[in-house]
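# Report on the structure
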Amino acid sequence: MTQLGGRAMYDFDELAAFADVMSTGSLTRSAQKLGLAKSTLSRRISQLEARLNQPLLRRQANRLIPTEAGLLFQSYCNELLAMAAHSQEALAELREEISGKVTLEVHGALARGWMAGVVDAFLTRYPKVELTLHTRETPPSKMHSNSVHIWLGANHECGLNQERLGYLSRGLYANPSYLKQAGRPQHPSELGEHAWIDLLDTASNGLLLHHSEHPDYLFDAPRSRLRVDLTVLHIDAIAYGQGIGLLPHWVVARREKHHPGDLVRCLPGWEPAALPVTMLYAYGQHSRRVNALLEFLREQVPAEWQTTRSRANA
């Protein structure tokens with residue numbers, strides 16, 4: 001066995017040959033798969049057995065099956081090959097520009113007013129990165145190591161790193177034409193007389209409204225005649241005069257730039273708790289492209305989210 005400083009050194013061609021034959025059970029199939037002569041593959045395994053001073057495989061009928069030593073060595077062999085692959089990838093990243101594929105998932109409420117500009121700026125800064133953008137309205141439970149998710153709302157334990165980016169405060173909104181027809185509520189107790197537009201039954205368990213000068217009020221929302229599962233549909237339904245609904249002020253402000261006057265505030269001063277904005281990603285080390293995306297997203301957090309964070313923590 002080759003030694004260096006008292007530690008065994010392995011030939012990775014021999015390890016790869018042994019690992020592949022362990023998976024196929026056949027020198028012929030492995031030789032075809034690896035593009036090697038059968039004699040070359042056999043010689044590499046024999047050399048590995050000589051290094052270890054142990055037989056690793058024995059022939060039974062038309063198959064090669066592992067010996068007890070072969071079964072024991074298989075896990076170590078796979079670990080060594082995996083470490084070699086990871087080290088090559090890490091060294092390649094140091095040599096090359098930030099490149100490769102990365103996935104970004106964003107809550108639907110943030111896709112229009114914020115994410116479009118962020119993605120454009122990120123791809124401009126890193127021209128060799130390929131980014132796939134998804135929107136979703138439900139929190140993730142698990143994620144690939146090369147993906148990042150931006151979630152709006154309460155979080156639950158999902159085995160992911162959760163980094164708070166800020167908060168979005170919310171209020172009650174309606175279209176002016178609806179309020180002209182149904183009347184403008186003066187107190188939360190009057191909301192039960194109005195049509196309620198709900199997003200994913202967010203108010204089904206009651207909506208606690210706070211006011212700086214009045215006691216909290218628990219609004220028991222009536223059953224919504226229109227329930228939607230996409231933020232964009234929720235906003236449109238309220239803007240088209242279907243009733244009153246709960247929306248983030250930041251989202252409304254961006255929509256009003258393009259559609260002024262579609263949404264007006266109802267019951268100013270009455271608000272539920274602000275919604276946290278959270279960045280979720282896998283624990284552990286990340287590729288350079290994922291680290292670049294994480295840092296870029298931190299840079300792009302709107303100042304308004306930080307201001308709301310201060311009020312929420314006050």
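Described in the following lines is the structure provided in the data block. Keep in mind that what you see is a predicted model, and the values were worked out from it rather than measured. (Residues numbered from 1 in each chain as written. Predicted model: local features only at pLDDT ≥ 70, side-chain atom pairs only at ≥ 80, totals over all residues. Heavy atoms only, no water.)

## Examining the pattern of salt bridges
Note the following rule: For salt bridges, the criterion is a side-chain nitrogen of Lys or Arg within 4 Å of an Asp or Glu carboxyl oxygen. In this description a helix means any DSSP run of H or I spanning at least four residues, a strand means any run of E spanning at least two, and both kinds are numbered starting from the N terminus. Whether a residue is buried, partly exposed or exposed follows from its accessible area with a 1.4 Å probe, protein chains only, as a fraction of its type maximum: under 20%, in between, or over 50%, in that order.
Scanning the model with the defined rule gives 10 salt bridges in all. The partner of Glu-163 in a salt bridge is Arg-298, with the nearest N and O atoms 2.7 Å apart. Here Glu-163, found in strand β8 (residues 161-168), pairs with Arg-298, found in helix α9 (residues 288-299); they are 135 residues apart in sequence, far enough to count as distant. For Arg-265, the salt bridge is made with Glu-271, and the minimal N-O distance between the two is 2.8 Å. A residue is classified by how much of its surface remains accessible, and Arg-265, at 26% relative accessible area, is partly exposed. You can call Glu-271 partly exposed: its relative accessible area is 24%. Within this structure, Glu-163, Glu-295 and Arg-298 form a network of salt bridges that share partners.

## What to know about the packing of helix α5 (residues 108-125) against helix α8 (residues 249-258)
When two helices pack together, their arrangement is captured by the angle between the axes and the distance separating the axes. Quick reminder of the rule: Here the axes come from fitting lines to C-alpha atoms, over the contacting stretch only for helices, and the angles between their N-to-C directions go from 0 to 180 degrees. Each angle gets one of four labels, with under 35 degrees taken as roughly parallel, over 145 as roughly antiparallel, 65 to 115 as roughly perpendicular, and the rest as oblique. The hand of a helix crossing depends on one turn: near helix anticlockwise from the far one by less than a right angle means left-handed, and clockwise means right-handed. Throughout, a contact is declared for two residues whenever any of their heavy atoms are within 4.5 Å. Residues are grouped as follows: Ala, Val, Leu, Ile, Met, Phe, Trp, Tyr, Cys and Pro are nonpolar; Asp, Glu, Lys and Arg are charged; all remaining types, including Gly, are polar.
One way to put it is that α5 packs onto α8 with a least axis distance of 10 Å and a crossing angle of 45 degrees. Here α8 runs oblique to α5, going by the angle between their axes. When you trace α5 past α8, the crossing you get is left-handed. Contact residues: Ala-109, Leu-110, Gly-113 and Trp-114 in α5; Trp-250, Val-251 and Arg-254 in α8. In terms of residue class, the contact of α5 with α8 is built from five nonpolar, one polar and one charged.

## Describing the nonpolar core
Applicable threshold: To qualify as a nonpolar core, a set must consist of buried Ala, Val, Leu, Ile, Met, Phe, Trp, Tyr and Cys residues joined through side-chain atoms within 4.5 Å.
In this structure, Leu-104, Leu-110, Trp-114, Ile-150 and Leu-297 are the most contacted members of the largest nonpolar core, which totals 42 residues. Sequence-distant contacts of Leu-104, defined by excluding residues within four places in its chain, comprise Met-115, Val-119, Leu-131, Thr-132, Leu-133, His-134, Val-148, Ile-150, Leu-293 and Leu-297. Within the second largest apolar cluster, 18 residues are counted, among which are Ala-17, Phe-18, Ala-19 and Leu-52.

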